[in-house]
Structures are given as C-alpha cells and as structure tokens.
Amino acid sequence: MSTLTVVMAVLLATLFLLLGAAKLAAVATMRQAAAHVGMSTTHYRLLGASEVAAAVGLLAGLRITAFGVAAATGLILLMTGAVVVHLRSGDPAASCLPAAVVGALAAALLVLLAGG
C-alpha cells in the first residue's frame, strides 16, 4: 500500500471521525445545520454514526482492503447525498464545494485501494 493511500485514508478518517462525533453529540452547529436542511436531530445523528463507521472502515482498510473500499464507497454516496440535500435546500452551489471535494477525495482513495 502506498504512502499516499495511507495518508489519504488517515486524513479522511480523521475528518469523518470528528464530523461524525459532532453530529452524534448533537453539537449546536450540527443541530442548526440539520434544521437548515429540514432534517431532524435524530436523522443527523444517524448520518454521524455512518460517518464514524466510515472512518473506522477506512482505518480497517489499511489492513483489509475490502473494508477500505466499502468505506470509501459509502463516503462517496454520503457526499453525493450531501450535495443533493444542500442544492434542494436552496443553498448556493458554492456551499456544496466541501462535500464535493471530500467526495472526490474518497473517490481518489477508492481508485488507489482498488488498484493496489
């Protein structure tokens, strides 16, 4: 496994562990974000649990590639959903950029994992 693959997996895992934990804890900014897109705190917590699970999967994928592939695929789907939800909520396209970039990074990681 290449150094780039390991670095990308660890960075994405760290990001989603932090974001997922904040959603699970229902931090005020996360509750506001949920309300903005018309989502209940309970549903936002489910997203947080998915993000934490993906982070664990990315790290496990450093040992068992199939876990990393599954986690990266899940993150691509989550980030695609995030873009759609923001656009449907009337947010400007620029506000979708973070989700699109992170989704693209997850896709790049998926390519690296599948190729190596």
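It should be noted that the structure appears before, not after, this text.
Computed from a predicted structure; not experimentally measured. (Residues numbered from 1 in each chain as written. Predicted model: local features only at pLDDT ≥ 70, side-chain atom pairs only at ≥ 80, totals over all residues. Heavy atoms only, no water.)

Overview of the pattern of salt bridges
Side chains that carry opposite charge are capable of pairing whenever their charged atoms lie near each other.
Right, so step 1: Counted by the stated rule, this structure contains one salt bridge.
Right, so step 2: Taking the shortest distance from any N to any O, the salt bridge between K23 and E51 comes out at 3.0 Å. Residue K23 is located in helix α1 (residues 3–24), and its partner E51 is located in helix α3 (residues 41–60); the two are separated by 28 residues in the primary sequence. Here K23 and E51 have matching classes, each one buried. (Salt bridge = Lys/Arg side-chain N within 4 Å of Asp/Glu carboxyl O. Helix = DSSP H or I, 4+ residues; strand = E, 2+ residues; numbered from the N terminus. Buried < 20%, exposed > 50% of the residue type's maximum accessible area, 1.4 Å probe, protein only.)

Structural notes on the packing of α1 against helix α5 (residues 97–115)
Right, so step 1: Where α1 contacts α5, the two axes come as close as 10 Å, and the packing angle between them is 140°. By the angle class used here, α1 and α5 are oblique. For the crossing formed where α1 meets α5, the hand is left-handed. Residues L4, T5, M8, A9, L12, L15 and F16 of α1 touch α5, and the partners they reach there are V102, L105, A106, A108, L109, L112 and L113.
Right, so step 2: Taken together, the residues of the contact of α1 with α5 break down into 13 nonpolar, one polar and no charged. (Axes fitted to C-alpha atoms, helices over the stretch in contact; angles between N-to-C directions. Parallel < 35°, antiparallel > 145°, perpendicular 65-115°, else oblique. Left-handed = near helix turned anticlockwise from the far one by under 90°. Contact = heavy atoms within 4.5 Å. Nonpolar A, V, L, I, M, F, W, Y, C, P; charged D, E, K, R; others polar.)

Digging into the layout of surface pockets
Right, so step 1: As a volume, the largest pocket reaches approximately 470 Å³.
Right, so step 2: Along the walls of the largest pocket sit 20 residues, with K23, Y44, M79, A82 and H86 positioned nearest its centre.
Right, so step 3: Counting only elements with at least two residues in the lining of the largest pocket, the list comes to α1, α3, α4 (65–88) and α5.
Right, so step 4: Top element by residues in the lining of the largest pocket is α4. It accounts for six residues. (1 Å grid on protein atoms, 1.4 Å probe; cavity = no way out; pocket = protein on both sides within 12 Å on 5 of 7 lines; lining within 4 Å. Points joined across faces, edges and corners; volume = space filled by probe spheres on them.)

Thoughts on a nonpolar patch on the surface
Right, so step 1: Side chains of M1, V6, V10 and L59 sit close together on the surface and give an oily, nonpolar patch of about 320 Å² of accessible area.
Right, so step 2: Mapped onto the secondary structure, V10 falls in helix α1. (Patch = residues over 30% accessible without salt bridge, like charges linked within 9 Å, V, L, I, M, F, W, Y side chains within 5 Å. Areas by Shrake-Rupley, 256 points an atom, 1.4 Å probe, with all protein chains shown as cover.)

Considerations on unusual backbone geometry
Glycine aside, residues mostly have negative phi, and peptide bonds are mostly found in the trans state.
Right, so step 1: The backbone of A26 sits at a positive phi, close to 55°, despite the residue not being glycine.
Right, so step 2: With respect to the helices and strands, A26 occurs in the loop between α1 and α2 (28–36).

Considerations on the nonpolar core
Right, so step 1: Grouped together as the largest cluster of nonpolar side chains are 17 residues, with contacts concentrated most on L12, F16, L58, L75, M79, V102 and L109.
Right, so step 2: Those residues in contact with L58, other than ones at most four positions away along the chain, are A9, L12, A13, G68, A71, A72, L75 and L109. (Core = buried A, V, L, I, M, F, W, Y, C linked by side-chain atoms within 4.5 Å.)

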